Amino acid sequence: MIVNAHEHLESRREVPALLEANAAVGIATTVVVGSPRYTITLEPGTGFEGYHENNLELLEVARLWPEAFRVFPALHPLDGDNLERLTAYLADGATGIKLYYGNGGTHGKGPFHVIPLDDPCMDPVLARCERERVPVILHVNLLRFEDQLWTLLSRFPGLRIVVPHLMLAKKTAGRLQRVADLLTSFPHLTTDLSFGRPDYLADALRTISAAPALYRTFLTRWAQRVMFGSDMVVTAGKVRRGSFIRETLQAYRDLLEQPEYECRYCPGERLRGLALPATVLEWIYARTFARLSGAP
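To keep things clear, this report deals only with the structure shown in the data block. Just so it is clear, the model here is predicted, and its values are computed rather than measured. (Residues numbered from 1 in each chain as written. Predicted model: local features only at pLDDT ≥ 70, side-chain atom pairs only at ≥ 80, totals over all residues. Heavy atoms only, no water.)

### Some thoughts on the pattern of salt bridges
- All told, the structure shown has 17 salt bridges when counted by the stated rule.
- Here Arg128 and Glu132 are joined by a salt bridge, their closest N and O atoms 3.0 Å apart. Here Glu132 and Arg128 lie together in helix 5 (residues 123-132), a separation of four residues that amounts to about one turn.
- Overall, Glu132 belongs to the partly exposed group, its relative accessible area being 40%.
- In this structure, Lys171 and Asp203 form a salt bridge, with 2.8 Å as the shortest nitrogen-oxygen distance. Of this pair, Lys171 sits in the loop between strand 8 (161-162) and helix 7 (173-185) while Asp203 sits in helix 8 (residues 198-210); the two residues are 32 residues apart in sequence, bridging distant segments of the chain.
- What makes Lys171 partly exposed here is its relative accessible area of 38%.
- Here Asp203 falls in the partly exposed class, since its relative accessible area comes to 32%. (Salt bridge = Lys/Arg side-chain N within 4 Å of Asp/Glu carboxyl O. Helix = DSSP H or I, 4+ residues; strand = E, 2+ residues; numbered from the N terminus. Buried < 20%, exposed > 50% of the residue type's maximum accessible area, 1.4 Å probe, protein only.)

Dropping the structure here:
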């Protein structure tokens, strides 16, 4: 069984195509995270709106396909009713939350990073998540906000937190060491291997292909703290692109399992994969997420 621990979904209309691709690639469960309108569309005039509506849509998806989906609704730190929203989302079946304010980029109306990571306005939400073991996905650019992340994690050492995308610090051995330092210091901290949109994914695949031994060593050491994910943003437009979803998911599997592979994102290139052993893959594909979700 494989768990895709990081995905966006526009609506229930795209679910049949996603499930078909999941079945072809061997993915049993997908974690879908709440998305603002900009994340879904990338339209310049859109911003951090529409996420509550997307949250409700995803909760309905999980109700209709309970075995296939887990939902992490998004919260916005500038809202004044986040604790009440968290309560309502959990009552409706949410199993975690997604936060964007460590993202160093911008949407169509301004920055994602609207408060410091350690701003006390989110303390009630994070304290409840820590107390009730509710996982939190917090998108953090480690290269920009590492000091704030250390402070936040030190204040909530029991918080089950996921900083995805290898914490956006995958490019060099030195940066990976910064990720390892955090994993060493905070035993409830986890990351994932999702890389997002096609240009980001192509860059990640080429980076890893250039130094497979470095990443094989890192993932072997930290397999119990790393999860499989794609961060693909499944939309109606991508469904119309035929095999796009399946080929994206397969590229991640090939990266982890094959000594060499080819994919649509690096045309004409023979990439070097990691050929990880089954014991490592077992953790990355399923057991790390199970532990994040409360399994021993």
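Let's pick the thread back up.
### Section: the sheet that holds strand 7 (residues 136-140)
- Taken in spatial order, the five strands line up as 4-7-8-9-10 in an open sheet, and their pairing is parallel. Each edge of the sheet is formed by a strand with only one pairing partner; in this case those strands are strand 4 (97-102) and strand 10 (226-227).
- By the bridge criterion, two bridges tie strand 7 to strand 8 in an arrangement that is parallel. Its bridge partner being in strand 8, Ile137 is matched across the sheet by Val162.
- This element, helix 6 (residues 142-155), spans strand 4, strand 7, strand 8 and strand 9 (189-192) of the sheet and lies at about 145° to strand 7. (Pairing = 2+ DSSP bridges. Contact = heavy atoms within 4.5 Å. Axes fitted to C-alpha atoms, helices over the stretch in contact; angles between N-to-C directions.)

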